Each structure stands twice: as C-alpha cells, then as structure tokens.
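Coordinate analysis (summary)
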Amino acid sequence: MHKNVSICVIGSGYVGLVAAVCFAEMGHHVNCVDNDEAKVKMLLAGGVPIYEEHLEEMLKKHLGHGVQFTTDLSAAVKASEAVFIAVGTPQGDTGAADLSYVEAVVSEIARAMNGYKVIVEKSTVPVYTNEWIRRVMHRHGVDAQSFDVVSNPEFLREGTAIGDFLHPDRIVVGANTERAAELLRRIYAPLTDGSYYAKASSLKGDLSATNPAKLLVTSAQSAEIIKHASNAFLALKISFINAVANLAESVDADIEDISAGIGLDSRIGPKFLRAGIGYGGSCFPKDVAAFHWVAQQQGVDFQLLDEVRKINERQKDIFFNKVRAALWTLRGKKLAALGLAFKRDTDDIRESPAIDVIRKFLDAGASVCAYDPAATERAQSVLPASKQMSYAEGIYEAAKDADALLILTDWAEFADLDLTKLNQALKFPIVVDGRNLYAPEKMAEQGFTYVSMGRPANYTTQQGKPQKMVLS
Ligand code: NAD
C-alpha cells in the first residue's frame, strides 16, 4: 500500500486540471487552486471547462474525495507536502517566457509556508527558473531548509492528456536534493511500480503492471532543458518535413511517400513527419521562442530554432497562395473552412494555424464559414461572427454553396467525408487540403480539383480525366 501524498496543484488549465485529477486517480489527496472564480465554481459543480477525453468521468469519480477545487491558495498550500505550479508561461515581447504568473504564485506560496514542502515546476519554464524560485522564496524570508524546488516537466498532449499522464513515455524529475527526489518518487510510485495498472479500474493504455512507467532523475537545470529541447525537437521535425514537402512539390514528388520512406528508419520514426499548414498550439511556438532566447542569453548560437519558426510561418502563406491559385481571385469568394482547433481532438485554438489562415482570407475580402467539432465556441471569441465570418453546425452546412472547401485541422471526421454529398453541397468541387487527409487520385476520380501540401495538384478535365495542375 502506498503512502498518499497531500498535493496542491496551482492552476487548473489543461495541465493543472489533468494533473490534479490524475494524482487523485493515483490515490493522492489533491487541492487544485485557480484564481479564476468562475472556473473553480464550474469544477466544483462537476463541470469541465476543456474538451479532453476521460476527463469528465474521472473528475466525477474523484471530486470531493481525492480532488477538491478552491480559490484559496494559502489554505491549499498549508495543507500540502508538494506544491505543483501549473500556471501559464506565455511568450513575452522578446520571445522569452513571461514568468510573471509563476513569480506571483511563488510569492503567495512563500507567505503560506508552514513546514517543509517541495515546490514543483510543472509549467514549462526556462533553465534556471528553479534558481529564481529559490531566490524569491528567500526574499520573502523563507529559510532554505524548509523547501526544495523540483522541475517535473509535463509532456502530455492535448486531446490525449489523461492517457498521456497515466501512461507516460517517461517521468522526468529534476531535483537537486535527495529528499525532494524521494517525495516525487513517492508521488509517481503507483505508475513506476505498476500497482496502478494492476488495478481493475485503471485506465488502460500502453503501460502495464509488468511494463510500468520509467522515472528519470536529473538535476533541475537538466530537467528544465529536457522539456524545452523536446518541444523544440518536435517542432523541428514538423518544419523539416514541411520544407521537404515544398521541395517535393516543386519536383513532382509526393511528400506522403517520402514521409513513409523516411519514417520507416527506426532512428527517425514516423511521428511528427506530416506535412501541413504548420504547428501551433499553446506550447510549440512559445517554447521554440523561449528556448532560442535562453540560448541567446547564454551566448550560444542556435539559429536553427529561428529557421524552424520561419518555415512554420511560411507554411501558412504557402497554403494561402494555393487557395488563391486555385480560385484566381479571393474578394467576394465564399470559403468553407473545416477546422479551427490547432490540431485534432482538442478545443484549444491558441496559436492555431487554422485561425491565422482564416484571418488571411478575411483580410483578402473572402467570406468564411467554419465548422469544428469542438472549438467553435472558443473561436468565436477571437473571430466573432460577422457578415464575412460565420459558423456552421456541420460539415455540409459549412460547404453549402462555397467556392472551395479548405481542410485546416486533422480531425478524424474530416478524413471521412461523404464525397458525393460534399460535391453536391459545394458551388465548385474544389478542395484545398492543408492536412493531406486524402489521396489525390481518389479526389480526382470523384471529380474534385484537389490541392494539398507537398504533392502534385490535380484538377479534373471536362472529360473527367484527372490532370496535373500547375500552380503559380
Ligand atoms: P492554461 O492557461 O490552460 O491554465 C493556466 C491556469 O492557471 C488558468 O486556469 C489560470 O486561471 C490559472 N492561474 C493563473 N494565475 C494564477 C494564480 N496566480 N493563481 C491560481 N491560478 C492561476 O495553461 P496550460 O495549457 O495548462 O499550461 C500551463 C503550463 O504547462 C504552461 O507553462 C505550458 O507551457 C505547460 N504545458 C502545457 C501543455 C499543454 O498541452 N497545454 C503541455 C505541457 C506543458
């Protein structure tokens, strides 16, 4: 039987809420804090502010027993041995992470200290943040013996966050003292000794009682860098394949075949090798920028990261130009947009390339009718409905009388369209696919002009024969 740990999680967003619920699922007592009163009220009533598989059921299972929500940070900290900081670390003006939310929280923790506690950085933060947290604690008069600071970066992906948290590829604990490392080992013991997976009620996934989670203990600095470097590397993989896609297109090669051929190399692997309109979300863009900033501060030349960003930005223009080439002019055209979220299975629209691309079309005078299975409500806050911008409740409603259909997010349902119905709904059978969800030959056979990323475009002749289309 494990010894439970009393845990405080500060921030109940994508990371904090998932961590809080999963720690409760692992048998710990969790107080989850947020300064957003409306959010806390909603959570206390069993409501879930984000779209995430398994979250609602798991919250129901533990609410009021394993996990509680509050706006009272001080009381929650006082009641806890470990305090996880999971507030936002957005991008500041210089590219550096804005750590003001973290600093504000640390000051409040300092005022609430009532015994030894481990302060855990769960938010993604630049290297040496652990040192800064220590300094802020000292400035508030907290003595060095009564706390440790640990970096425990989070690698969950939105859309599969609960599964990722409970079945992690690895758990990284950056601790500069053994006492702190030991507390983190205790917290994650149900996953690392397999006892969680042995329970009949456990969430099933890749890990099991005989193949439990791996926990890697490093220094705090190394753990901070592991997180930034992991995200930067994934972003780099996406930009790399996008750059290759642009080359492939110019020589009539097919990026899907190329990705398959590269990805089968076990040293490379197939993941994150999908060409498209680029990465987005609340992590990759800001983490690439923050990591680059850190390198600059240390006098390390890491221009590669700026190239990753530039390629990513360019993808959106490349997509825009494809649409313009397919439609000739844009002013007054009606476009159907499938997807608003930055990727499938989430309602998160932060830094969504879909939103950026839609803005470009609106600026060019086109009107856009968009559909997304989960992100419409959030999108309306940044792209309010207007004469030019409208939202549909379904795919074919969005497509009705549109001059072209644009695929912007890789939701599974967008890969499974009823092509006959789509053809009937559209004014012209033109599909510009920013996520390569279809085989060009199949689309041509179905009578579509089909333009995608890193593959030769096809259009249909009047005789119904697919032909190559040359884009300017
Ligand atoms: P989020 O914006 O969804 O959530 C942050 C929460 O913190 C909000 O609910 C906000 O109200 C709350 N908050 C802010 N200041 C507070 C304060 N002083 N007291 C109490 N609550 C406060 O952010 P997120 O997506 O969960 O990201 C949090 C951190 O985790 C970031 O550093 C991010 O880079 C990192 N991260 C995110 C993901 C992801 O997929 N979203 C994955 C791994 C790591």
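It should be emphasised that the depicted structure is a prediction, and the values quoted were computed from it without experimental measurement. (Residues numbered from 1 in each chain as written. Predicted model: local features only at pLDDT ≥ 70, side-chain atom pairs only at ≥ 80, totals over all residues. Heavy atoms only, no water.)

**Topic: the sheet that holds strand β2 (residues 29-33)**
- Strand order in the open sheet formed by eight strands is β3-β2-β1-β4-β5-β6-β7-β8, and the pairing between neighbours is mixed. Strand pairing shows two members of the sheet lacking a second neighbour, β3 (67-70) and β8 (215-218), which therefore form its edges. The mean angle between the axes of side-by-side strands here comes to 25°, regardless of whether they run parallel or antiparallel.
- As paired strands, β2 and β3 are joined by four bridges and run parallel to one another. Bridge assignment links Cys 32 to a residue of β3, and that residue is Phe 69.
- Contacts from helix α1 (residues 14-25) reach β1 (6-10), β2, β3 and β4 (82-85) within the one sheet, and its direction differs from that of β2 by about 165°. (Pairing = 2+ DSSP bridges. Helix = DSSP H or I, 4+ residues; strand = E, 2+ residues; numbered from the N terminus. Axes fitted to C-alpha atoms, helices over the stretch in contact; angles between N-to-C directions. Contact = heavy atoms within 4.5 Å.)

**What to know about the domain arrangement of the protein chain**
- When its domains are assigned, the protein chain resolves into domain 1 (6-218), domain 2 (227-310) and domain 3 (316-468).
- Computed over C-alpha atoms only, the centres of domain 1 and domain 2 are separated by 29 Å.
- Taken together, the contacts link 17 residues of domain 1 with 12 residues of domain 2.
- For the domain 1 and domain 2 pair, buried surface summed over both sides reaches about 1100 Å², with 64% attributable to carbon and sulfur atoms.
- At the boundary of domain 1 with domain 2, the tally comes to zero salt bridges. (Domains from an automatic or database assignment. Buried area = accessible area lost by both parts, 1.4 Å probe. Salt bridge = Lys/Arg side-chain N within 4 Å of Asp/Glu carboxyl O.)

**Regarding the packing of helix α10 (residues 220-250) against helix α11 (residues 255-263)**
- Where α10 meets α11, the closest approach of the two axes is 9 Å, and the angle between their N-to-C directions is 135°. On the basis of the axis angle, α10 is oblique to α11. Handedness of the crossing formed by α10 with α11: right-handed. Of the residues in α11, those in contact with Ile 241, Val 244, Ala 245 and Ala 248 of α10 are Ile 255, Ile 258, Ser 259 and Ile 262.
- Broken down by class, the residue content of the contact of α10 with α11 amounts to seven nonpolar, one polar and no charged. (Parallel < 35°, antiparallel > 145°, perpendicular 65-115°, else oblique. Left-handed = near helix turned anticlockwise from the far one by under 90°. Nonpolar A, V, L, I, M, F, W, Y, C, P; charged D, E, K, R; others polar.)

**Digging into helix α6 (residues 129-139)**
- The complete set of buried residues in α6 reads Thr 129, Asn 130, Ile 133, Arg 134, Val 136 and Met 137. Mapping the buried residues of α6 onto a view down its axis gives an arc of 165°, with all of them on the same face.
- Buried residues along α6 sit against β4, α5 (100-112), β5 (117-121), β6 (147-151) and α10.
- Positive backbone phi, at 85°, marks Gly 141, one or two positions downstream of α6. (Buried < 20%, exposed > 50% of the residue type's maximum accessible area, 1.4 Å probe, protein only. Arc of directions from axis to C-beta.)

**Regarding the packing of aromatic side chains**
- Inspection of every chain in the model, using the stated rule, returns 11 aromatic pairs.
- Considering the side-chain rings of Phe 23 and Phe 165, the 5.4 Å spacing of their centres and the 85° angle between planes classify their relative orientation as edge-to-face. In this pair, Phe 23 is assigned in helix α1 and Phe 165 in helix α7 (residues 161-166), connecting sequence segments 142 residues apart.
- Look at Phe 23 and you get buried, because its relative accessible area is 0%. (Phe/Tyr/Trp six-rings, centres within 6.5 Å; stacked < 30°, edge-to-face > 60°.)

**Quick notes on unusual backbone geometry**
- Of note in this structure, Phe 272 is not a glycine but carries a positive phi near 60°.
- Relative to the assigned elements, Phe 272 resides in the loop between α11 and α12 (284-297).
- At Asn 436, a position not held by glycine, the phi torsion is positive, near 50°.
- Within the element layout of this structure, Asn 436 appears in the loop between β13 (430-433) and α18 (440-445).

**Let's talk about the packing of α10 against helix α13 (residues 304-327)**
- Running from N to C, α10 and α13 point in directions that differ by 45°, and their axes come no closer than 9 Å. By the criterion of interaxial angle, the relationship of α10 to α13 is oblique. Taken as a pair, α10 and α13 cross one another with a handedness that is left-handed. Of the residues in α13, those in contact with Ala 232, Ala 235, Leu 236, Ser 239, Asn 242, Ala 243, Asn 246 and Glu 249 of α10 are Leu 304, Leu 305, Val 308, Ile 311, Asn 312, Gln 315, Ile 318 and Lys 322.

**Some details on the site of the ligand**
- Close to the ligand lie 26 residues, the nearest being Asp 34, Lys 39, Thr 89, Glu 158 and Lys 286.
- One of the side-chain N or O atoms of Thr 89 is found 2.5 Å from an oxygen atom in the ligand.
- Arg 350 is positioned with one of its side-chain polar atoms (N or O) 3.0 Å from an oxygen atom of the ligand.
- In isolation the ligand has 830 Å² of accessible area, and contact with the protein removes 89% of it.
- Taken together, the elements giving at least two residues each to the shell around the ligand come down to α1 and α5. (Near = heavy atom within 4 Å. Polar contact = N/O pair within 3.5 Å; in protein donor to acceptor, adjacent residues only side chain to side chain. Areas by Shrake-Rupley, 256 points an atom, 1.4 Å probe, with all protein chains shown as cover.)

**Brief notes about the nonpolar core**
- Counting residues in each nonpolar core, the largest one holds 64 residues, and the members touching the most others are Phe 319, Ile 358, Phe 361 and Leu 405.
- Structurally, this core is a two-domain feature, drawing no fewer than three residues from each of domain 2 (227-310) and domain 3 (316-468).
- In this view, Ile 358 contacts Ala 337, Gly 339, Leu 340, Val 368, Ala 370, Leu 383, Met 389 and Leu 408; residues no more than four positions away in its chain are not counted. (Core = buried A, V, L, I, M, F, W, Y, C linked by side-chain atoms within 4.5 Å.)

**Re the pattern of salt bridges**
- For the structure on display, the rule yields 23 salt bridges.
- The partner of Arg 350 in a salt bridge is Glu 158, with the nearest N and O atoms 3.7 Å apart. On the criterion of sequence distance, the pair formed by Arg 350 in the loop between β9 (334-338) and α14 (353-363) and Glu 158 in the loop between β6 and α7 is long-range, its members being 192 residues apart.
- Since its relative accessible area comes to 41%, Arg 350 is described here as partly exposed.
- When the shortest N-O distance is used, the salt bridge between Arg 185 and Glu 182 registers 3.0 Å. Taken as a pair, Arg 185 and Glu 182 lie in helix α8 (residues 178-192) at a separation of three residues, close to a single helical turn.
- By relative accessible area, Glu 182 is classed as partly exposed at 39%.
- Look at the salt bridges and you will find they share partners, linking Asp 306, Glu 307, Arg 309 and Lys 310 into a network.

**Let's talk about the side chain of Arg 435**
- Summarising the element assignment, Arg 435 is placed in the loop between β13 and α18.
- Comment: no salt bridge for buried Arg 435; closest opposite-charge side chain is Asp 410, at 5.2 Å.
- From its side chain, Arg 435 meets the backbone oxygen of Leu 408 in a polar contact 2.8 Å long.
- The residues touching Arg 435, leaving out its near neighbours within four places in the chain, are Arg 274, Ala 275, Ile 277, Gly 278, Phe 342, Pro 353, Ile 407, Leu 408, Thr 409 and Asp 410. (Lys, Arg positive; Asp, Glu negative; His and termini not counted.)

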